[in-house]
Amino acid sequence: MSEVGVEQAGATEWAVPGQVGVGPWDGPLPDDPRLDPDLLAEGDRRNVVDAYRYWRREAVVADLAARAHPFHVAIENFGHDHNIGTVVRTANAFAAAGVHIVGRRRWNRRGAMVTDRYQTVHHHEDAAALRDWAEERGLPIVAVDNTAGAVRLEETTLPRECVLLFGQEGPGLTDVARAASSTLVSIAQFGSTRSVNAGVAAGIVMHAWVSAHADLDSAW
């Protein structure tokens, strides 16, 4: 690969079946402090978009922070929820400003597909601590749960600056979490299941935020 990034959207491996990432740098080495000498020499097989090929991890983290959208994502984790990895990965894809784990600190990182290395992840002991953190920064908490009193996501506009709060798979949000929220929204459903998977729900709501507020010209 002779230049950093590509002009067209889409990962390199999409164009070359079976290829993951890129090989060693071809040609004179570029003078760019963001680039990692080891990756240039050995190739870059990481799960990153082409624009970040060969970049040092610290450089990717800094650039993502500079490009982050002004919404945060939080999920209650009082039962070691395996969906958190999916939420972290999706939050990274939509450039969330941060992910907040509420409750148990430990979570299964497998579903994050290593994106937690590039995403700012916070921990709060409980929903009250998350509420205090959000209030200090003037961020309203928008809780997502299919319960009585919720407004339809499809019929409302999410705040541009906010915290999107999701409950654990099954039990949903705790009473404390609902009380800490300024708004409660639900996702319209039409089938027999009582709820949408927590990881899927997070993706739907984050995409709703992107549809309302993001500059699509800045997407990869």
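Peer 1: Quick question: what am I supposed to make of the overall build of the protein here?
Peer 2: Looking only at helices and strands, the protein has seven helices and seven strands in total. Its helices and strands taken in sequence order, the protein reads α-α-α-β-α-β-β-α-β-β-β-α-β-α from the N to the C terminus. In terms of its C-alpha atoms, the protein occupies a principal-axis envelope of roughly 60 × 35 × 30 Å. Every one of the 220 residues in the protein was classed for burial, and the buried ones make up 41%. A separation of at least 24 residues holds for 64% of the contacts in the protein among residues at least 6 apart in sequence. With an accessible surface of roughly 12,000 Å², the protein has 50% of that area assigned to carbon and sulfur atoms. The averaged location of the 29 negative side-chain charges in the protein is 6 Å from the averaged location of its 20 positive side-chain charges.

Peer 1: Explanation requested: the pairing of strand S2 (residues 96-103) in the structure shown.
Peer 2: The side chains of a regular strand alternate, residue by residue, between the two faces of the sheet. Counting buried positions over the eight residues of S2 gives seven, a clear majority of the element. Looking at chain direction, strand S1 (residues 69-77) and S2 are connected through seven bridges and run parallel. Note that in S2 the partner of Ile75 across the bridge is Ile101. Note that S2 and strand S3 (residues 121-124) share four bridges and pair parallel. Its bridge partner being in S3, Val99 is matched across the sheet by Val121.

How each quantity is defined
Throughout, residues of each chain are indexed from 1 in the direction in which the sequence is written. In keeping with the model being predicted, local features are shown solely for residues with a pLDDT of at least 70 and side-chain atom pairs are shown and tallied solely at 80 or more, while totals for entire chains, interfaces and linings include all residues. As a rule here, side-chain values cover all heavy atoms of the structure and leave hydrogens and water aside. Counting from the N terminus, the helices are the DSSP runs of H or I reaching at least four residues and the strands are the DSSP runs of E reaching at least two. For every residue, the accessible area (1.4 Å probe, protein chains only) is compared with the maximum for its type, and the residue is labelled buried under 20%, exposed over 50%, or partly exposed between those bounds. Pairs of residues are marked as contacts when any of their non-hydrogen atoms sit within 4.5 Å. All accessibility values rest on the Shrake-Rupley procedure with a 1.4 Å probe; residue burial counts only the protein chains present in the view. Counted charges follow a simple rule, with Lys and Arg positive, Asp and Glu negative, and His plus the chain ends left uncounted. To locate a charge, the coordinates of NZ of Lys, CZ of Arg, CG of Asp or CD of Glu are taken. Pairing between strands is defined by DSSP: at least two bridges between them are needed.

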